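The residues making up each chain are set out below.
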Amino acid sequence: MSEQAVKQVVENYIGGTFTADTELLKSVFHPAAIMTGYMGSDLMIAKPTSFIEDVGSHPAMKESGAPYKAEITNLKVTGNIAEATVYETGFFGDGTLEDHFHLLKDEKGDWKIISKCFTTL
């Protein structure tokens, strides 16, 4: 049950990124979430708000010559915490990324992304 709930949150993240659904993206992140990682050689440390606004301004699927695709390559649930890895291609054009998510079950019992660490490949 927990594994399927966590998978659904990650799939909602993927779907929201693909369709530029900013409300769906907002719903998957915990209010205290942080995003860190590298876009090329640029280190980024921010709240998900900047990412969500960027995705909303130009959907990945419309910018790409190749279709945006994302695949969950790892998913592990341990009690009230979880981790997931997503491999993305076609992000904002020809970008290829690997995302590492940490999720937790919040006080309402809902799974939320608490951190995303990413890098371009």
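For the structure given in this document, a descriptive report is provided here. (Residues numbered from 1 in each chain as written. Predicted model: local features only at pLDDT ≥ 70, side-chain atom pairs only at ≥ 80, totals over all residues. Heavy atoms only, no water.)

### As for the overall build of the chain
And then number 1: Counting its secondary structure elements, the chain contains four helices and six strands.
And then number 2: Reading the secondary structure of the chain in the N-to-C direction produces α-α-β-β-α-α-β-β-β-β.
And then number 3: Taken against the 2.2 N^0.38 rule, which gives 14 Å for 121 residues, the C-alpha radius of gyration of the chain at 14 Å falls within 12% of a compact globule.
And then number 4: The buried share of the chain, reckoned over its 121 residues, is 36%.
And then number 5: As displayed, the chain has an accessible area near 6600 Å², and 53% of this comes from carbon and sulfur atoms.
And then number 6: Here the chain contributes 10 positively and 17 negatively charged side chains, and the mean placements of these two sets differ by 5 Å. (Helix = DSSP H or I, 4+ residues; strand = E, 2+ residues; numbered from the N terminus. Rg over C-alpha atoms; globule rule 2.2 N^0.38 Å. Buried < 20%, exposed > 50% of the residue type's maximum accessible area, 1.4 Å probe, protein only. Areas by Shrake-Rupley, 256 points an atom, 1.4 Å probe, with all protein chains shown as cover. Lys, Arg positive; Asp, Glu negative; His and termini not counted. Charge placed at Lys NZ, Arg CZ, Asp CG, Glu CD.)

### Digging into the sheet that holds strand β1 (residues 29-39)
And then number 1: If you trace the six strands from one edge of the open sheet to the other, you get β2-β1-β6-β5-β4-β3, paired in mixed fashion. Across the chains shown, the open sheet's two edge strands, defined by having one partner strand only, are β2 (42-46) and β3 (69-78). This sheet shows a mean twist of 15° between the axes of neighbouring strands, independent of strand direction.
And then number 2: Across the sheet, helix α1 (residues 2-19) is in contact with β1, β3, β4 (81-91), β5 (95-105) and β6 (111-120); its angle to β3 comes to roughly 150°.
And then number 3: Docked against the sheet, helix α3 (residues 48-57) engages β1, β2, β4 and β6, running at close to 75° with respect to β1. (Pairing = 2+ DSSP bridges. Axes fitted to C-alpha atoms, helices over the stretch in contact; angles between N-to-C directions. Contact = heavy atoms within 4.5 Å.)

### Notes on unusual backbone geometry
And then number 1: A positive phi angle, near 60°, is found at A20, a position not held by glycine.
And then number 2: Secondary-structure assignment places A20 in the loop between α1 and α2 (22-28).

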